[in-house]
Amino acid sequence: MSTLGILHPPLARPRRARRFGVLPGFGLSMGFTVFYLSLIVLIPLSTLFFKSATLDWETFWTAVTAPRVLASYRLTFGAALLAALVNLVAGLAVAWTLVRYEFPGKKIVDALVDLPFALPTAVAGIALTALYASNGWMGRWLEPLGIKVAYTPLGVVVALIFIGLPFVVRTVQPVLEDAERELEEAAASLGASRLQTFLKVLLPTILPALLTGFALAFARAVGEYGSVVFIAGNMPMVSEITPLLIITKLEQYDYAGAASIALVMLLLSFVLLLFINLLQWWQARRGLGKNV
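Treat the numbers as computed from the prediction; the structure is a model and nothing was measured.

(A) Looking closely at the overall build of the protein. Along the protein, the regular secondary structure elements total 14 helices and 0 strands. What you see in the protein, going N to C, is helices and strands ordered as α-α-α-α-α-α-α-α-α-α-α-α-α-α. Within the protein, buried positions represent 35% of all 292 residues. Pairs at least 24 residues apart make up 74% of the contacts formed inside the protein by residues separated by at least 6 positions. As displayed, the protein offers around 18900 Å² of accessible surface, 70% of which is attributable to carbon and sulfur atoms.

Structure (structure tokens):
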């Protein structure tokens, strides 16, 4: 052994400090997570694949591409997308008003935002139908103008807007509360207009929350049934939504056909939500790159 090794022994590697967590370790937590998600989500959804697999390809394709089914897809996803876009703008306006302004009855307005969460969807559908019917408080004024809401696709959009608004408001509201107003004041002092301040300073901060609220509102609207079935009128090829068509198939004991349509809805919803999540990831990474 060299003298150098005796005089200067190699330094021992410092031991990595163990982190103390309140919950159990990763193995147990991950195992419980996978078990719970499998029990509640994966296993029930897998029955759609197994039940649809009882049909041969030609029968399956005929079941999911029938003209009546395609019309329900267009209405369901089109109305859900339109309602989510409306809620994207309206939810931002409501959240902005609740965060940035003080006015009488603010707490009442804040509580009313959560009303669609607490109200049974069937009750909401009946109330909207009574409001927008030809003899309702709003319908009697709209129909002379050529705007018919109840028992039309427009009524479906109105119902989906009603049930989706809280998702955007409650997602954007805490982000607006945490936003630093000093940045807006600095932008204004440098000569930026209100529009420039919103687009360049505030919007990048709240955009991930807006996309999350949009995704939640869209996902809720795609599967909504109770509030839509009353105001839609349920006319095939006109105002019939896909969830109602699935219920109709089940009442006819066509379980394989109902599972096939539900499987298509599941796949389409998954693709759209995956796209929105990728957009959120891209936006977050883009913002991180700018900060670096």
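(B) Up close: the pattern of salt bridges. Evaluated as defined, the whole model comprises 6 salt bridges. The partner of Arg-170 in a salt bridge is Asp-114, and the shortest N-O contact between them spans 2.8 Å. Note that Arg-170 is positioned in helix α9 (residues 153-178) and Asp-114 in the loop between α5 (106-113) and α6 (115-118), a separation of 56 residues in sequence. Look at Asp-114 and you get partly exposed, because its relative accessible area is 29%. Salt-bridge contacts for Asp-254 lead to Lys-249; the nearest nitrogen and oxygen are separated by 3.8 Å. Bridged by salt links that share partners, the residues Asp-110, Asp-114 and Arg-170 form one connected network.

(C) Broad picture of the environment of Val-238. Structurally, the position occupied by Val-238 is in the loop between α12 (226-232) and α13 (242-251). Residues Val-238 and Ser-72, spaced 166 residues apart in sequence, show a C-alpha to C-alpha distance of 8.1 Å.

(D) Just unusual backbone geometry, in detail. With a phi close to 70°, Met-237 is a non-glycine residue in the positive phi region. Note on placement: Met-237 falls in the loop between α12 and α13. Even without being glycine, Tyr-253 reaches a positive phi, approximately 60°. Inspection of the secondary structure puts Tyr-253 in the loop between α13 and α14 (255-291).

(E) Here's a closer look at a nonpolar patch on the surface. Nonpolar side chains collect at one region of the surface, where Phe-32, Phe-35, Tyr-36, Leu-37, Leu-39, Ile-40, Val-41, Leu-42, Ile-43 and Leu-45 lie side by side and expose about 970 Å² of accessible area between them. Accessibility expressed as a relative area gives 48% for Ile-43, which makes it partly exposed.

(F) Representation of the packing of aromatic side chains. In the structure shown here, the tally under the stated rule is 6 aromatic pairs. Relative to Phe-167, the ring of Phe-117 lies with its centre 5.1 Å away and its plane at 85°, an arrangement referred to as edge-to-face. Of this pair, Phe-117 sits in helix α6 while Phe-167 sits in helix α9, and the two are 50 residues apart along the sequence. Given a relative accessible area of 41%, Phe-117 falls into the partly exposed group. The interplanar angle of 85° and the centroid separation of 6.2 Å between the aromatic rings of Tyr-253 and Tyr-255 together place this pair among those described as edge-to-face. Here Tyr-253 falls in the exposed class, since its relative accessible area comes to 64%. In textbook terms, an aromatic cluster arises when at least three aromatic residues are bridged by ring pairs, as seen for Trp-57, Phe-60 and Trp-61. In this structure, Arg-100 is placed above the aromatic ring of Trp-96, and the distance from its NZ or CZ to the ring centre is 4.5 Å.

(G) Representation of the side chain of Ser-72 in the model. For Ser-72, the location among the structural elements is in helix α4 (residues 67-100). Exposure remark for Ser-72: the relative accessible area of 0% places this residue in the buried category. Residues within four places of Ser-72 in sequence aside, it is in contact with Glu-240, Ile-241, Thr-242 and Leu-245.

(H) Structural view of the nonpolar core. Ranked by internal contacts, the top residues of the largest apolar core, which has 59 residues, are Tyr-73, Tyr-132, Val-156, Leu-160, Val-172, Leu-176 and Val-228. Mapped onto this core, the elements with two or more residues apiece are α3 (57-64), α4, α7 (121-132), α9, α11 (194-222), α12, α13 and α14. Apart from residues lying up to four places away in sequence, Val-228 is in contact with Val-156, Ala-159, Leu-160 and Ile-241.

(I) Broad picture of the environment of Pro-174. Considering the arrangement of structural elements, one finds Pro-174 in helix α9. Remark: the alpha-carbon pair of Pro-174 and Ala-209, spanning 35 residues in sequence, is separated by 9.2 Å.

(J) The side chain of Ser-227, seen in detail. Take Ser-227: it is sitting in helix α12. Discounting chain neighbours no more than four positions away, the residues touching Ser-227 are Thr-121, Ala-124, Gly-125, Ala-159 and Ile-163.

(K) A look at the packing of α9 against α11. Following both chains from N to C, one finds α9 and α11 inclined at 150°, their axes separated by 8 Å at the closest point. Here α9 is positioned roughly antiparallel relative to α11, judged by the angle of their axes. Our pair here, α9 against α11, has a crossing hand that is right-handed. Residue-level inspection shows Leu-160, Ile-163, Gly-164, Phe-167, Val-168, Thr-171, Val-172, Val-175 and Leu-176 of α9 in contact with α11, the latter providing Leu-202, Thr-205, Ile-206, Ala-209, Leu-210, Thr-212, Gly-213, Phe-214, Leu-216, Ala-217, Arg-220 and Ala-221.

The rules behind these values
Residues numbered from 1 in each chain as written. Predicted model: local features only at pLDDT ≥ 70, side-chain atom pairs only at ≥ 80, totals over all residues. Heavy atoms only, no water. Helix = DSSP H or I, 4+ residues; strand = E, 2+ residues; numbered from the N terminus. Buried < 20%, exposed > 50% of the residue type's maximum accessible area, 1.4 Å probe, protein only. Contact = heavy atoms within 4.5 Å. Areas by Shrake-Rupley, 256 points an atom, 1.4 Å probe, with all protein chains shown as cover. Salt bridge = Lys/Arg side-chain N within 4 Å of Asp/Glu carboxyl O. Patch = residues over 30% accessible without salt bridge, like charges linked within 9 Å, V, L, I, M, F, W, Y side chains within 5 Å. Phe/Tyr/Trp six-rings, centres within 6.5 Å; stacked < 30°, edge-to-face > 60°. Lys NZ or Arg CZ within 6 Å of the ring centre and 35° of its normal. Core = buried A, V, L, I, M, F, W, Y, C linked by side-chain atoms within 4.5 Å. Axes fitted to C-alpha atoms, helices over the stretch in contact; angles between N-to-C directions. Parallel < 35°, antiparallel > 145°, perpendicular 65-115°, else oblique. Left-handed = near helix turned anticlockwise from the far one by under 90°.

None of the figures reported here should be taken as evidence of function without further support.
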